[in-house]
Structures are given as C-alpha cells and as structure tokens.
Amino acid sequence: MDTFLEEEEAAGKNSAAHTRSSTLLPGLHLPFLPPHLCQPASSQEHKLNFKKSKEVCLRYIQDAMLQKQWKRAAEFLSFYVESLEKDFSREYVNPSEIIWRVGTEILCHCSNGSMREFNSFIEQMKTFGVKRYLKVCLEHAFHLLCNGLIDDAYQNLSLAESWRYGEQTAIQDKEMKLIQAYRGLLDYYSWSKQKNILLEHGLDGFENLSVEQEMHSCFRKAAVNLKEIIKIPGVWDLFVKCYVDLLEFYGDYNEAHQVLSEYAYNSKFPANPNAHVYLYQFLKRHGESKKSLISVLKILHDLVPSHELMIDFNTMLQKSRKRKRCRLGLEVIFAVLDYAGWKENVKAWSCLARQVKQIAIAEKHLDWIKQEWNSRKDWWPAFHFTHYLAKRNWKESESLSYEKAVVAGILLGKDCKYFKYVSHQGCKAQVKRFRILKKFVNKHNPVYLRISDPSDSSLKP
Amino acid sequence: MEFPDVLFPSYFGCGPPVEEGGPAPAAGWGEQGQVLEADPGRCQTETMFVPRRGGTGESWEPTEAAAVPCVPPNASCWIPSLVPQDILYHGFLHRKLRGGRSGAALDFAKQLGHFFVDHPEDAFGSLGRLLHRNFHLGNSKLRRQARDTTIRMTALMEEIDRLEARHGCPRQHLSPRLRWFSHLCRDWLFEVPLGLLADCLHEELLLQWAGLLFDDSLTGGALAWLPPEEVGAQTGRLVYPGGQAMNHLYFQDVVLEELPLAQGSPVQFELNGLIRQVAAARVDGEDFVGVRSDYHCGVWRVPARMGVAPTPLQVIHTSVPASCLTVSPHLPGELAVCTQSGSVYLWSVESGLQRLRHDPQTMFFRDHSPWRWSDFTAHPRVLSCADRTGLQCLDARAPERCHFDLFKVGEEANCQQGERVVLPMYLGRAHPSQHLVTTQFSMYVLDERLPLVPMLKWAHMMKAPPLFAHLTPGGPRRSHKVLLGSSHTQELLLLQYQGGSRSACQLAGPPQKLHPITSCLQHLPAQLPHQHHLLQQRLGAPAAGLAAAVKEEGLRESLMVFQLSEAGDIFCQRLTHETVQAPAPARTSGDETTAAPGSSPLFEAPASSPLGLGCEEEEEEEEQTFYLSNLEVIVNEEEDAGTPAPLEEPELPPQPCASPRPCAAVSSPAAALRYRRWMKGLSKMRRESPRRSWPLTLSQKRLFTRKELEVPAAPNPLHGQARQQLRQAMGEGGGIPSWEPPQPPPPVLPQLAEPSGGADPLSSRLTAAWCGDWGQWWEERSGFNRAQRQRALRERRRRQKRARGRRSLSASFTSSLTYQSELSELSDSGPPLPSPGPLIPRDSPQPRQRSPPPPASPEEAALLSSQSLRCRGIPKERRKTLRDYLAVWAEGPIELPDPPGSQASQLCIPSSQSQLSSASQPRRKRPRMGF
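In this text, all values refer to a predicted model and were calculated from it rather than measured experimentally.

Cut-offs used in this document
- Residues numbered from 1 in each chain as written.
- Chains lettered and ligands numbered in written order.
- Predicted model: local features only at pLDDT ≥ 70, side-chain atom pairs only at ≥ 80, totals over all residues.
- Heavy atoms only, no water.
- Core = buried A, V, L, I, M, F, W, Y, C linked by side-chain atoms within 4.5 Å.
- Buried < 20%, exposed > 50% of the residue type's maximum accessible area, 1.4 Å probe, protein only.
- Helix = DSSP H or I, 4+ residues; strand = E, 2+ residues; numbered from the N terminus.
- Contact = heavy atoms within 4.5 Å.
- Pairing = 2+ DSSP bridges.
- Axes fitted to C-alpha atoms, helices over the stretch in contact; angles between N-to-C directions.
- Patch = residues over 30% accessible without salt bridge, like charges linked within 9 Å, V, L, I, M, F, W, Y side chains within 5 Å.
- Areas by Shrake-Rupley, 256 points an atom, 1.4 Å probe, with all protein chains shown as cover.
- Salt bridge = Lys/Arg side-chain N within 4 Å of Asp/Glu carboxyl O.
- Phe/Tyr/Trp six-rings, centres within 6.5 Å; stacked < 30°, edge-to-face > 60°.

Asks: Any chance you could explain the nonpolar core here in plain terms?
Replies: Nonpolar side chains tend toward joint burial in soluble globular proteins. With 260 residues, the main nonpolar core has A:W236, A:L352, B:L249, B:F407 and B:F562 as its most contacted residues. Considering each element in turn, this core owes the most residues, eleven residues, to helix α8 (residues 170-201) of chain A. The contact partners of B:L249, leaving out residues within four places of it in the chain, are B:V239, B:Y240, B:V267, B:Q268, B:F269, B:L271, B:I275, B:V278, B:V291 and B:W300. Within the second largest apolar cluster, 26 residues are counted, among which are B:M153, B:F181, B:C185 and B:L201.

In structure tokens, the structure reads:
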C-alpha cells in the first residue's frame, strides 16, 4: 500500500516539479546538489547499486588524496578501475578520465619518480579514449619535460602530432596546435644548442658542416610551428621570444618587428605588458630612435602605469629638453607612486624628488605639480606621509625617508608631519643632507603655498 | 612591482564559455597545465622546465586529529536552521535536482496551514470576532431558535478527525459538510485575501528555498584575526559574532600556544542585527574592523597594542541589504560597501559615502543575482566591483570614465557554462596586484596588470562553493597559502602558490584538506543518543567564517586555522611546517595494508569481461563482486551531520566524508581536555535553558475533545481492575495477554488542594507593591527562581500524571510524551501580564505565597488570562465562553487550548491528502518565515 502511494505521489510530483521547475532553479548552477540537502535515503533506496558504489569509492579516493594518503588512494583507485567495465555513462566526465587524472596525480606523488611505471600507466590511459588522446599526450610530454627527459618528450610530441582520428573538435584542434608549438619549442632549443656549439668552435671545419645543416633544419621545423601558434590570439611569450630570436639570428628584422608589433598591438590579443616590453627591448637592441621608444613606453604607461619600465621611462623623459616630455615624465612618476607596490621604492621616490626639486628651484612649471597634486592631495598624505610611516621609514631606510621628506616638504610644506619628523631625526643624527634639506624647504616654502592655494590664478590648472 | 618575464602559454578567446559545465569530480588532479623554461637567465647545458601545477610545495602537517574548540561554546541556544523537509513537498528532493537543473516541489499548502494555525489573529481576527456567536463549540444540542444562525463546530471537528484517520487512503472523499463549509467560507473568512497571502507566502518560500540551495549572505565570513603588533608576540585578537541571535560582536584576546587559548573575557558590543560579515585590515599599525549585518554596517578601530579597547567609529544604515563590506588595506578608515540594489560605495569615515556606481543590471551578461562585491586594488583610489558575471575595476575619482574589466565569466578565462563568481578577494599582502576569484568550480589568481587572463586557474573540486577565503602570505622564496572554506559542508582546503613578481604564478604542491568542525565529534566524550544527536546537529552547523594566524618559533612554523560555525562556536587546528623536510612516506593510517611489492595497485587490472554483454544476471554478479572488493562501506554514506531532521538513528557515526578506515589518530591530552571543557560548558548551558535541549512542539490536535468536555463520573471500577492486572503482569515480568479496551474512561477529578493563595497576578502584584517587596515579587515572576518554579511544575505534573493514571493508562502515556514541551512552554511563558480582573472567583485575593508553591494555580490563571487567550488567537468575545468552560473544569487537567482557526483553516485550503497530515504528528519547528 505504502509503496503504491509513494509511486502515485512521485508521479504527481513529477508533473508539479515540471511546471515549477523554472522558478525553483538554484541561483547558482551548482556542480552537485548541496550535500546538506541530500537526505538519508529510505531503506529501499539504500540498496547498493553500482553507480552509488562508484561515487562513494571516488569520494574515498578524493578524501585520501586531499589528506596526502597516496597509498590509500591508490588502493581505492584499484577498486575504482572496475567501474570501467560498465562505463556506459553519458556523463560529462567519465570514469576513464577520472582514472587518468587521479592515477597521474598519485603516481606523481608516490611512485618515487619511477618514470617507467609512470610511462606504462600513461600508455594505457592513451588507449582509453580518443577524445582525450591529445590531452593525455600533451600532459605526458609536460611531465617528461619537467623531469628533464627532453628527448622522450620530443618523441612523444612527434608521435602525437602524427595522430589522426576522424574529424577534430575545436578543443582537439587547439591541443594539436599546442603540441606542434611545443615541438617547435624543443626544436628551437636543439637549434640554440647547436648554434652555441658552432659559435664556440668557429664556423669552419668539415664536421661542423653537418652540425650546421642540422641546425638549419631545426630552424625550419621550429620556425614553421612557432609561427603558426603565435598567429592565434593568446599569451605566447615563450614562443614569441624564441621565434624572434630565430629571426634575429638569420637577420630577418622586418619580420621580427612585425611579429612583435602584431603581438603587442593586435586588439584580439590580451593586453599583455610583456608584448610591449619585448617590442621595446627589440627596438632598443637595434638602436631605434628615442621617439619610437617613447611611443612604445607611452602605450605601456597607459596600459600598466605601475610597470617597472616606467622608472626608465621617467629618466628618459626627464633628460629630454622638450617641455611636453618633461611634463609627461612628471605624470608618469606620480602615477607610479600611486601604487601600493611602489610605496617603499627608493628609486621611484628619488626620481620624483629630483624632478619636483628641479621645478621648485626653477619655479617655472609649478602648475604641473599643482595639477598632479590636485587629484592626490586628499589621499596621498594619509597614504604616504603619516607620522607612523615617517617613523617606520626612518627606522628601515634612511635614504627612502630622505627622498620622501623632500617631496613632502615641497608638496605639504614644512609643517607636514612626515617632513618634520624625518628632518628632526636627521638633524639629531647629524646627517648633513637633512640639514640642507631643512634649509631648502624653508627657503622654498612659498612654493608649497602656491601649490596648495586654490585661488592662485597665476597657476592655471 | 616586477612583472614576470615570461608567462605560461595560453589561448585567449572572447565570448561566452564554450566548455559545458557539469560535475567534474576529479577535474583538479593530474594536470600540469603548461610548462615554462625554468630560470632562463641561468646558463646551463640542459634546459629545465617547470610546470604550472604540480610543483612541490611546503608540507604542512596537522598536529591534532581533529579541530579543537578554541573559545567556550556560544552561551545561548542555536536554533537549527531550516531543512528542506520543512518546506518541500514531503521533504522529497527531486532526483533531477542533483544536476542542479531542475527544481523541487515546495509544500506550499502545508506552510499556509501553519500560518493559519500560528497567526489566527492575523488570518481570521476580525471575522472571527464578528461571527463568534454563530459558532457553537459545545457538545450540547442547539436550541431551536439558535439553530438557524449557529454552526456546531464540534461536528466539523469530528469530521476533520475522521479525515485524519483516513489520511493516505486514496478513496477518501471530503464529507459534504466539510465541502460545504469550505465553499461557503473560502471567500470571506480571511483577513488577508487568500490569493494575496498565497502570493506572499509563495514568494517567501522561494526565497527560503533559494537560500537553502545557496546562501550568499555569509560571503566573506564573520571571523577575523588581528595579529599582534610585533612579529614575535603571541597574543592577537579574534573578532567574531556570538550570542543568541549572533548579534554580539566579540573582541577576544587569544594567546597562540600549542593550541590557541582565549585570555580573559572578550570585549563585547551588542549590535542591532545578525552579523553576516566581519572584515579587517591593518593600516599604519591600527586595525580597522568592518562589520556587516543586513541593514547596517559599522566600523571599529582597534589599536594594535594589547589591552586597548576597540572604539566604534561610524555606522551606516542601508535601505537595501548590504552584500559586501571590505576594509581598505591602504588608507585608514576607508571601506567599500555594496548593496543588493547594485550600488557600490566608497565609505570613508572622514568624508562619508561616495557612490561609485549604481546599476541593478549585472555587468557582462544578465544574471538574476543581486549579489555585489567590491574590494580594493593596488591603487588606493581604484576599487574592484564584482557581480556574478565578473569583475571590473573603477577609479573612484572618475568612476564613469575610468574602468577596465578584470575578470569575465567567459571564454577569456576559459570558464565553464553556468560558472559564476562566488568570492573575489584582493591578495595585496601576497603581491600588490594580485586578486583571487573563486567560482563554484574553480579558483583563479588574477593580475591587474594583465586583466582578463588568469595567471592561475585550478578546479578546486569542493562540494559547495567556497564562500570564505584567507590568505597567509609567504615571504620571499616561500609559497603563499590560500585557505578556501565553504559554508554548509564546512570544507576547508589549503592551497599554495608562488610567483607573480619575477616568475610566473605556479600552484605549489597538492591541495590539502583540513579538518572540518564535525570531525571532532568522534573525539568528544560519549553521549546519550539524543544528546549525541543534538551535538551532531550543533557541530554540523554551517560554517560562517574562516581565519588563520601564523606563529614562528625558530625553524618551526605553525599555522592556526580558525573556523566559525553558525552556532557561534569557534574551532581551530594547528598545522606545522618543518623547514627541513624529509621525504617522508605518505601518511597512512595504521592498519593499512601495503600494496604488493613491485606492483603499483593501479595495475591490478580488472578481470576483463566483454563489454556490452551484460544481461541482467551478469550485472548482478558483477555488482556483487564489486561490493566484495570494495568493502562494505556504503551504508551510511548519506548520513549527513548537517541534516538534523530525522531522529531515527542518532547513533550512526556522523561523518560527512566517512571513509571506511578513518584516521585512527587519537587526540592529544591537551585537546582531550579542551573537548571535555567544551562539553562541560555546553551541558551547563543546556541545563540553564532546558527548553533548548528539546525541539519545541505545539500540539494542535484538537480544540476540545468530547472526552474533555464530558462530565467526569466517579472512578471507574474498570480502572482498578486494569491497574491490578498491570501490577500483576509487572510482578510476573510477563505481558498482558488481552487488554480490555478501556471504555470511555470517566476522568477523575484530581483532588488537588487548591490553596486560596493563588490569586490573580494583578492583585498579588499590587499587594506586593503595597507591602514594599515588589522587587522580590517581580523576580519571582520573571523566572529568576526558575529552578524553584520548575520543581513546582514537575510536582504538579507528577500529580496530574498520577491523577490521569488513575483515569486511563493511555492518557498517562501521552501526557508523558508531551510533558517536556508543556513544561518548557509554561516555564517559558514568563511573567504573564496582569489580567484585567479576577477570572475565576477566588475567596481571598492574598499575595501569592512563595513556599510551598501553590501547584499550578498561577499558571492556570495565566492560561486563562485574557492576555494569553488573546495570544492564542481567541477572539475577545469568545474568551468569556471559554473561561466558563474552563472554570467548570478548572481543577482538571487542561489541554492547552488551541486556536479555533486551525481547524477552519485546514478546511479552507483546497486540500490534498497531505495537508492535513501535519496535524496528526507533532510538528517540526516552524521555519523562519518572513511573517
């Protein structure tokens, strides 16, 4: 009777659930039903079935692995392998993938680096499914590379490259491209090895001819594959660097320049600061004009104002005679010091101190400072120039506190807490430059007044 | 602020995610991700590669077998949270729900029924008052002239009783009388139009259900650790909520010894709402603590010096619940606040609130969730804003113009379909420009300088979305430790990663699971089954916060991990890291059998059986062999510590992640002492408030049964006979062969001496006031001498029981069942408010004597006081009638009168079989509906 009722109710619920299902969806698509919602099943449901056992077994495996009990996990995995026998599941992740992942992890941690065992396991895994073949190959190659077995990895990659099976999915296509790219990378490494041999032994001699030929063939193989992958949007720092190195060696500067500017400026690629850095370094290597260097760095400044190259940029701009560039230099160095990561960088502070000092002495472009300061005056004092920081900076680095005190003295006047504390301590410690600094700030106090005065019309903002 | 020279290769796409989302149970294992040349600057003959994932990390070993309590138990009750059985149709979860793609059936009618029963005044108040003359409650025949205008309710009640008895019968029909009544009354009986009420209720149910599936109000966690000022010092502060409603904020000094030890009593603040989140950051040697409750956010300043009290600085009130509060690590007294209306504010204690954005829509694609989050970035004026679809960075100086996308749920980060941002966090202490983003599937480490492309991505495989995260930055050449925690499953995961400035980000070492709070259950002293169950419920409460502290002693470092539960308990565990690491064998439990030498267990390939040949029988057999080899472990797999509902088998070991051979580690003596102390504290607390140990039940079976209204006759000879028979059976130790059904046993009037002292409260209070010992009277009433009163009550119950026992054995049985609840209800009713006048005529209204306590009379008076009658939803006009009834039988045992609405209401619901079932069994505690 009861079961009959339950069935009837279940049928009723089915329809009810269907009609309301749209409104009762969880707000977040959860990978599993939240465990606190799983009720203790009734005695009937408790009947062990295959699927449940599988799930439980997997949970034990995960549990053991998360507690680093690799051996225990391995034992459970040997039970779990049985789940392959009835793998008719249409689930998103099927048991063979799980076995591959879990098995790899366990072997990485507990086989004491026995490569033979690992390789035979992976070879078995490769036969499990066509869908994952390329991925398994790629990961296998990674494992070999990380263990220093570069030749094995190369063989593996070439083998995987020659694999064909029906029509490739988009993901497989991507994986194949990666496999080719990594093979190209390994080709590049063997090329550079041979190049080094040739450079060491000189370029003449009969036996070197074969080395040279091999080197060129390596170049061709590497260049083809590397060129292919860097066309696709992505982060390819490693590949681009290698490819440019190849091109530069063979004197193809135009191609190299084109590759680098494509990598930096193609809008389909992510805004990778490294792309700009590579371009900058390339241009610098080849003695390009200052103007082009500045334009590259200007773009980098717009993208990542806190980049470390900004210090170089600022020095470059400060040296320039053009007013516009000096102005940009001030902007750059102010922007750098906005970031928490540069807060205690002596170099950056000394750049700013130097430039601000220059302007204060010349009393020529005070409006530049005023403009920069306007957007910062409400938070820089609390961010950079507190009493607490003065104490700490003084304790940790005298030169940092000196540079900061210069800036504080000019921007905030002689009554600024930071300046007062540091100059006081400096004078107490009888350091000469602090005494000079005190005099300097006292002398140029009108500068501060003019910067902070909102009604000063002589400085047009 | 260096940027890595070379990043790991990755594809970059645009648009919606391509990869299908689904449960991927082992997705985080076995992948290296990509490889990169290690240290390219170094000249070496052989190029070396490093993987993105799979490197070696530091080893952190737990020192205890389970989490250990860190502060005394939260000294008040914990109301068990809502369980699905409360609001789901028969507590049934639809199978399809497992995939998260389909819904469940809400038991809407039951809840509506509960509403009518619990709030009859709101549901039927005015019409009840108007019509009470037209309802007759007695059993007597109606007089002729009254018959035209009056309905005899007793008959209807009987019908309902009969209906209940037949509950579950497929052939059941509503009796014509019931049908007629419900048709007649459905349209006008209700105070609130039924349709409107139903809409509201349904909406509320949906909200509750959504909260059960995923509750994001706790995001961020309500536990914070304020480290000591100097590096070497050992005393820090824990900030956490507590109290009955989790509305007290505690600042507790904690000494980091072997196990963290609370020192002194905490500084306490009482707040105006449940504390959802506690966030803290240290700026210039001072800690700023932000506290978020639904409609209020507050900020405290805590000087790092110990012994200086925290000072509250400012409170803001929001009209929409706030969903996020983060404290700036750059500038003192700055916080970021988000509300569910889609607004993001920069809150400065000095200059007030500045709204940066207001957009009820989500950023990148449409998602219903009103959840918003905001955090700080490397630039003190730039804030990150998040919703479920991604993160954006805004410049507070020009929020409209200056912004860029930091993270998008999409192909950019190689997300899965259905993936949503759960918790973003600024990792400034590890690296100034790094951010952590967790989703229900993965965790990402992002760098502001290269937005949209994750520096690191790893599938965390947690069962519930990680709502809490904590960062312990590692120094140079050390890995950063990230703790992820989930709420309902109490999962804790320790990850390590390194890089970000010179080298690219790498995940270091395998993830590690830490002990959840429930893990300590098996180490606690043995308990009686029902107490064990309560304990299990308490320990299984969802986690509400996460914090960690580092302690260094020479070469040995310890990481103390604190976990807060919704019940307000804080547990901690210690992990130690040895700087010199031996290639130790895998930590295994003692009784583990090692695999056969020379062969890895992985290669014990299964007996190859042809696939696809499986006829039914063969499958059976295979399953059998599977079970045999797989140990019989599956029995209690679904036994979840977090499911408090069924009291069926409380003894089952509650292990959410039970494994057949759990670590048999024994807790250390220090930990054992902690456990004992904690249990002592808990039981003491329970003794102080007995009602907490028992779920409240409220009998709503019937208003008055005929039996109760009948005139009691003289003691039945049958009784004596039955008693004799029973005694005899007990003496012999046998059973009673045949029991004559006790025919309607005439109840015996318990001959209780009713001392005349029990006057009505008002006059007794007045008298007391006149005599000058009003204070004592008040104490007496308000339950300071609760123990005494309980004794009195118990005495009364015992007498009543005895009296009933004389009457009918079965009655005594039921009464003992309800004993606890009734007792607690009475003892909890507190000081009944003065009633307007003497209800039951008494001879001499003297002040109530303290000892011996007059059994029952004040409580009965309280029962009959108009106040309490009103509380029970009895209309004023009817109270008189009721009192008359009760006055007649005042000395007899009184069932708690139940609201009349309960019956009528149940009739009026378009009923299916299940709705009436609630009446037949003691109800579970009502879910916290919004009413």
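There is more to say after this.
Asks: Please explain the sheet that holds strand β9 (residues 224-226) of chain B as it appears in this structure.
Replies: Within a sheet, adjacent strands bond to each other through the backbone by hydrogen bonds, running parallel or antiparallel. All names here are of chain B. Reading across from one edge, β9-β10-β11-β12 is the order of the four strands in this open sheet, with antiparallel pairing throughout. The open sheet is flanked by β9 and β12 (260-270), the only strands paired with a single partner. The sheet shows a mean angle of 25° between the axes of neighbouring strands, direction not considered. Pairing analysis gives eight bridges linking strand β11 (residues 248-256) to β12, with the strands arranged antiparallel. The residue of β12 that forms the bridge with H248 is E270.

Asks: What should I look at first to understand the environment of B:S140 in this one?
Replies: Residue and element names in this part refer to chain B. In this fold, S140 is placed in the loop between β7 (135-136) and α4 (144-147). Judged by its relative accessible area of 43%, S140 falls in the partly exposed class. Between the C-alpha atom of S140 and that of T154, which follows or precedes it by 14 residues, the distance is 9.5 Å.

Asks: Is there a simple way to explain the sheet that holds strand β27 (residues 442-447) of chain B in this structure?
Replies: Residue and element names in this part refer to chain B. With antiparallel pairing, four strands are arranged side by side in an open sheet as β25-β26-β27-β28. Every interior strand has two partners, whereas the edge strands, β25 (421-426) and β28 (456-459), have only one. Across the sheet, the mean angle from the axis of one strand to that of its neighbour is 15°, orientation sign disregarded. The pairing of β25 with strand β26 (residues 434-439) spans five bridges and is classified as antiparallel. In the sheet register, P424 faces β26, and the bridge partner there is V437.

Asks: I tried to follow a nonpolar patch on the surface on my own but got confused; where do I start?
Replies: A contiguous nonpolar patch, built from A:Y265, A:I299 and A:L303 and spanning about 250 Å² of accessible area, is present on the exposed surface. Structurally, A:L303 can be placed in helix α13 (residues 290-303).

Asks: Whenever I open this one, the pairing of strand β35 (residues 556-565) of chain B confuses me. Can you help?
Replies: Looking along a regular strand, one sees the side chains alternate between the two faces of the sheet. Residues and elements named next belong to chain B. Of all ten residues that make up β35, nine are buried, and the element is covered over most of its length. One ladder, built from ten bridges, connects strand β34 (residues 543-553) with β35; its direction is antiparallel. Bridge pairing links A543 to S565 in β35. Turn length for the β34-β35 hairpin, with the two strands adjacent in sequence and antiparallel, is two residues, and the turn residue G554 shows positive phi of about 60°.

Asks: Looking at this model, I keep getting lost on the pattern of salt bridges. Mind explaining?
Replies: As a working rule, side chains carrying opposite charge can pair if their charged atoms are close by. By the definition in use, this model includes 35 salt bridges over all chains. For B:R237, the salt bridge is made with B:D253, and the minimal N-O distance between the two is 3.4 Å. Of this pair, B:R237 sits in strand β10 (residues 235-242) while B:D253 sits in strand β11, and the two are 16 residues apart along the sequence. The exposure class of B:R237 is buried, given its relative accessible area of 5%. Look at the salt bridges and you will find they share partners, linking A:E97, A:R101, A:R132, A:K135 and B:E31 into a network.

Asks: Is there a simple way to explain unusual backbone geometry in this structure?
Replies: Although it is not a glycine, A:K68 adopts a positive phi angle of roughly 60°. With respect to the helices and strands, A:K68 occurs in the loop between α2 (50-66) and α3 (70-80). Of note in this structure, B:M461 is not a glycine but carries a positive phi near 60°. Topologically, B:M461 is positioned in the loop between β28 and β29 (466-472).

Asks: Which parts of the structure should I look at to understand the packing of aromatic side chains?
Replies: The geometry of two aromatic rings is summed up by the distance between their centres and the angle between their planes. Residue and element names in this part refer to chain B. Scanning the model with the defined rule gives 38 aromatic pairs over all chains in all. Taking 6.1 Å as the distance between ring centres and 55° as the angle between the ring planes, the aromatic pair formed by F115 and F116 counts as tilted. For F115, a relative accessible area of 8% gives the class buried. Relative to F124, the ring of F116 lies with its centre 5.2 Å away and its plane at 40°, an arrangement referred to as tilted. Side by side, F116 and F124 carry an identical accessibility label, which is buried.

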